[in-house]
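# Report on the structure
The primary structure of each chain is shown beneath.
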Amino acid sequence: MNTRGEGNGFKFLKALLTDAPADCVIWPQFRDTNGYGRLGHEGKHYWAHRFMCQMAHGEPPTPGHEAAHSCGRGHDGCVNPRHLSWMTKTRNQLDRRSHGTKSPCGWRWRPKLTPQKVFQIRALKGKKLQREVAEMFGVTDATVRDVQSGRSWKKLVDA
């Protein structure tokens, strides 16, 4: 019996569709360094809030539409379908400004890795799962994959 795609994250979101409270519902599983939830479903990875918006409100009107939070707590991992709607990127940025969650200079870039950490991540390749390494360093699985493959930090050569 194939149960792929019916994981705890999917079940959590599905239950919210019929019983969402008025307050924010914070994603209880993995969140990226900016606080947004990540979800694996049927072998693919999604933003939890975007996946929920699609479940609750259907496909986005255009590929450029974003899942926007009326609560202003997307960075805290809110996935409440009552707080989500499709907005254009411009409208979503204006909405973020009104919530006070938009940095005046755009995204707040906060590098999590140092050259020393990059060497440690590379040394763990094949010894630990990427998700385990990601948890150890507070980064995403994709960041670990990119560091270990040389896609990111490529100018940093092991000494």
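Residues numbered from 1 in each chain as written. Predicted model: local features only at pLDDT ≥ 70, side-chain atom pairs only at ≥ 80, totals over all residues. Heavy atoms only, no water.

### What about the confidence of the model for the chain?
- On average, the chain scores 86 in pLDDT, and the residues at 70 or more come to 88%.
- By mean pLDDT, helix α3 (residues 89–99) is the weakest element of the chain at 84, and helix α2 (residues 48–57) is the strongest at 97. (pLDDT = per-residue confidence, 0-100. Helix = DSSP H or I, 4+ residues; strand = E, 2+ residues; numbered from the N terminus.)

### Some thoughts on the packing of helix α1 (residues 8–18) against α2
- Their axes nearest at 10 Å, the elements α1 and α2 cross at an angle of 45°. Put simply, α1 runs oblique to α2. As for how α1 packs across α2, the hand of that crossing is right-handed. Where α1 approaches α2, its residues Phe10, Leu13, Lys14, Leu16 and Leu17 are matched on the opposing element by Ala48, Phe51, Met52, Met55 and Ala56.
- Grouping the amino acids of the contact of α1 with α2 by side-chain chemistry returns nine nonpolar, no polar and one charged. (Axes fitted to C-alpha atoms, helices over the stretch in contact; angles between N-to-C directions. Parallel < 35°, antiparallel > 145°, perpendicular 65-115°, else oblique. Left-handed = near helix turned anticlockwise from the far one by under 90°. Contact = heavy atoms within 4.5 Å. Nonpolar A, V, L, I, M, F, W, Y, C, P; charged D, E, K, R; others polar.)

### What about the nonpolar core?
- Within the largest apolar cluster, 15 residues are counted, with the highest numbers of intra-cluster contacts made by Leu13, Leu16, Trp27, Leu39 and Val79.
- Per element, the largest residue contribution to this core is four residues, and it comes from α2.
- Leaving out residues up to four positions away in the same chain, leucine 16 has contacts with Pro21, Val25, Met52, Val79 and Pro81. (Core = buried A, V, L, I, M, F, W, Y, C linked by side-chain atoms within 4.5 Å. Buried < 20%, exposed > 50% of the residue type's maximum accessible area, 1.4 Å probe, protein only.)

### A look at the packing of helix α5 (residues 130–137) against helix α6 (residues 141–149)
- Orientation of α5 relative to α6, taken along the N-to-C sense of each, is 105°, at an axis distance of 8 Å. Compared by their axis directions, α5 and α6 come out roughly perpendicular. Mapping the contact onto sequence places Gln130, Arg131, Val133 and Ala134 in α5 and Asp141, Val144, Arg145 and Gln148 in α6.
- Here the residues of the contact of α5 with α6 sort into three nonpolar, two polar and three charged.

### A closer look at the pattern of salt bridges
- Summed over the entire model, instances satisfying the criterion amount to four salt bridges.
- Notably, a salt bridge pairs aspartate 146 with arginine 145, separated by 3.6 Å at the nearest N-O pair.
- Overall, the relative accessible area of 41% leaves arginine 145 in the partly exposed class.
- Taken together, the shared-partner salt bridges in this structure form one network comprising Arg145, Asp146 and Arg151. (Salt bridge = Lys/Arg side-chain N within 4 Å of Asp/Glu carboxyl O.)

### Quick look at the packing of aromatic side chains
- Scanning all chains against the criterion turns up three aromatic pairs.
- Ring geometry for phenylalanine 12 and tryptophan 27: centres 5.8 Å apart, planes at 80°, overall edge-to-face. Of the two residues, phenylalanine 12 is situated in helix α1 and tryptophan 27 in the loop between α1 and β1 (38–41); the sequence distance between them amounts to 15 residues.
- By relative accessible area, which is 2% here, tryptophan 27 ends up buried.
- Members of the aromatic cluster, joined through ring pairs, are Phe10, Tyr46 and Phe51.
- A cation over a ring is seen here: arginine 38 above tryptophan 47, with NZ or CZ 4.0 Å from the ring centre. (Phe/Tyr/Trp six-rings, centres within 6.5 Å; stacked < 30°, edge-to-face > 60°. Lys NZ or Arg CZ within 6 Å of the ring centre and 35° of its normal.)

### A short note on unusual backbone geometry
- A positive phi angle, near 50°, is found at glutamate 42, a position not held by glycine.
- Checked against the element boundaries, glutamate 42 lands in the loop between β1 and β2 (44–47).
- Using a relative accessible area of 54% as the deciding quantity, one classes glutamate 42 as exposed.

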